[in-house]
Amino acid sequence: MKNYEQIFILKPSLSADEITTKIASIKDVIINNGGAILGFKDIGMRRLAYQIDRQTRGYFGVFYFTIETNAILELERLFRVSEDVLKFMTITYESKIELKAFADMVDVANGKKIEEKRISGRLPREEDYDDERE
Amino acid sequence: MAEKRKFKKRYCKYCEAKIDYIDYKDMNLYKHSLSERYKIMPRRLTGNCKVHQDMVTDAIKRARHIALVPYIVDRKQVTQYSLD
Ligand SMILES: [Zn+2]
């Protein structure tokens, strides 16, 4: 069993009920394939950085879970054939640092920990940085 | 050319903040490593160390894949698109 994060973007045209149903069905697929859900982060509707299937917005959700590696193929196959899913990405967390980050993300998703944002600020302009020529 | 440098001292902000992992979903963690046009800033300009620059690069590539960060931005979009 490995630790996985599955992020997906649902079509913005879905109703609130349809989104709830779709998220529940993704959860079922993970469980039916032998996975164990550790947390769900509901990011919600947000603007896409670029158009996907002519859509400019999408509903973002993230599942944290453990599952056998083989089952990921089936999960991804289902995501690929689903018309409600605009895009998805699966990430594995394996190294010591990654596992710690994963545990923290699960805690945040479950409301056991507050998200810490330690570096912020406006987007720099390229002119902000002088070139390092002599 | 003897141009005045605005950022004389370059240090890694991530080392300073003791960040050991950069989540691609947390845009506040890599905003300052992106240019106005959403290109990854070279570390000679941001001061990021090699280790953190690699983390930043991975995070931004993931964020681009899942449409949280644009791949390319033209002049028009620069003002239109915001990370928040
Ligand atoms: Zn560093």
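Scroll up for the structure.
Residues numbered from 1 in each chain as written. Chains lettered and ligands numbered in written order. Predicted model: local features only at pLDDT ≥ 70, side-chain atom pairs only at ≥ 80, totals over all residues. Heavy atoms only, no water.

**Concerning the overall build of chain B**
1) Next: Within chain B, the regular secondary structure consists of four helices and zero strands.
2) Next: Along chain B, from the amino end to the carboxyl end, the secondary structure elements read α-α-α-α.
3) Next: For chain B, the proportion of contacts with a sequence separation of at least 24, taken over those separated by at least 6, is 55%. (Helix = DSSP H or I, 4+ residues; strand = E, 2+ residues; numbered from the N terminus. Contact = heavy atoms within 4.5 Å.)

**Some words on the pairing of strand β2 (residues 36-52) of chain A**
Residues and elements named next belong to chain A.
1) Next: With eleven bridges connecting them, β2 and strand β3 (residues 55-67) associate as antiparallel partners. If you follow G39 over to β3, its bridge partner there is Y64.
2) Next: Joining the antiparallel neighbours β2 and β3 is a turn of two residues, in which D53 adopts a positive phi near 50°. (Pairing = 2+ DSSP bridges.)

**Some words on the nonpolar core**
1) Next: Formed by 38 residues in total, the largest nonpolar core has its most connected members in I9(A), I22(B), Y24(B), Y30(B) and I66(B).
2) Next: Broken down by secondary-structure element, the contributors of at least two residues to this core are β1 (2-10), β2, β3, β4 (85-93) and α3 (96-109) of chain A together with α3 (50-65) of chain B.
3) Next: For Y30(B), the contacting residues outside a window of four places in its chain are Y14(B), I22(B), D23(B), Y24(B), V56(B), A59(B), I60(B), A63(B) and V69(B).
4) Next: Core analysis: the second largest hydrophobic core is formed by 18 residues, I19(A), I23(A), Y59(A) and A71(A) among them. (Core = buried A, V, L, I, M, F, W, Y, C linked by side-chain atoms within 4.5 Å. Buried < 20%, exposed > 50% of the residue type's maximum accessible area, 1.4 Å probe, protein only.)

**Section: the coordination of the zinc ion**
Residue and element names in this part refer to chain B.
1) Next: Ligation of the zinc ion by protein atoms is provided by C12 (SG), C15 (SG), C49 (SG) and H52 (ND1), these donors lying 2.0 to 2.3 Å from the ion.
2) Next: For the zinc ion, the four donor atoms are set out with angles of 102 to 115° between them, so the coordination reads as tetrahedral.
3) Next: Counting the intervening residues between successive donors of the zinc ion yields the motif C-x2-C-x33-C-x2-H.
4) Next: You can call C12 buried: its relative accessible area is 8%.
5) Next: Judged by relative accessible area, C15 falls into the partly exposed class, the value being 42%. (Donors = N, O, S within 2.8 Å, 3.2 Å for Na, K, Ca; no water. Tetrahedral: all angles 85-135°; square planar, octahedral: opposite > 155°, others 65-115°.)

**Re the packing of aromatic side chains**
1) Next: The final tally for this structure, using the stated rule, is nine aromatic pairs over all chains.
2) Next: Measuring from ring centre to ring centre gives 6.0 Å for Y93(A) and Y21(B), while their planes differ by 55°; the resulting arrangement is tilted. Of this pair, Y93(A) sits in strand β4 while Y21(B) sits in the loop between α1 (13-16) and α2 (43-46), which puts the two residues in different chains.
3) Next: The exposure class assigned to Y93(A) is buried, which follows from its relative accessible area of 1%.
4) Next: According to the relative accessible area criterion, Y21(B) is buried, its value standing at 15%.
5) Next: An aromatic cluster is defined as three or more aromatic residues linked by ring pairs; in this entry it consists of F8(A), F40(A), F63(A), F79(A) and F88(A). (Phe/Tyr/Trp six-rings, centres within 6.5 Å; stacked < 30°, edge-to-face > 60°.)

**Observations regarding the pattern of salt bridges**
1) Next: Overall, the coordinates contain eight salt bridges over all chains when judged by the stated rule.
2) Next: E74(A) serves as the salt-bridge partner of R77(A), at 3.0 Å between the closest nitrogen and oxygen. In this pair, R77(A) and E74(A) are both assigned in helix α2 (residues 69-81), three residues apart and thus about one turn of the helix distant.
3) Next: Across the salt bridge formed by E76(A) and R80(A), the nearest N and O atoms sit 3.8 Å from each other. Here E76(A) and its partner R80(A) are both found in helix α2, four residues apart, which amounts to about one turn of the helix.
4) Next: With a relative accessible area of 18%, E76(A) lands in the buried category.
5) Next: Three or more residues joined by partner-sharing salt bridges are found here, namely E5(A), D23(B) and K25(B). (Salt bridge = Lys/Arg side-chain N within 4 Å of Asp/Glu carboxyl O.)

**Let's talk about the pairing of β3(A)**
On a regular strand, each side chain points to the face opposite its neighbour's, so the side chains alternate between the two faces of the sheet.
Residue and element names in this part refer to chain A.
1) Next: The buried count for β3 comes to ten of 13 residues, which makes it a mostly enclosed element.
2) Next: Here nine bridges tie β1 to β3, and the two strands are oriented antiparallel to one another. Residue pairing in the sheet places Q6 in a bridge with F63 of β3.

Just distances and angles here, no functional claims.
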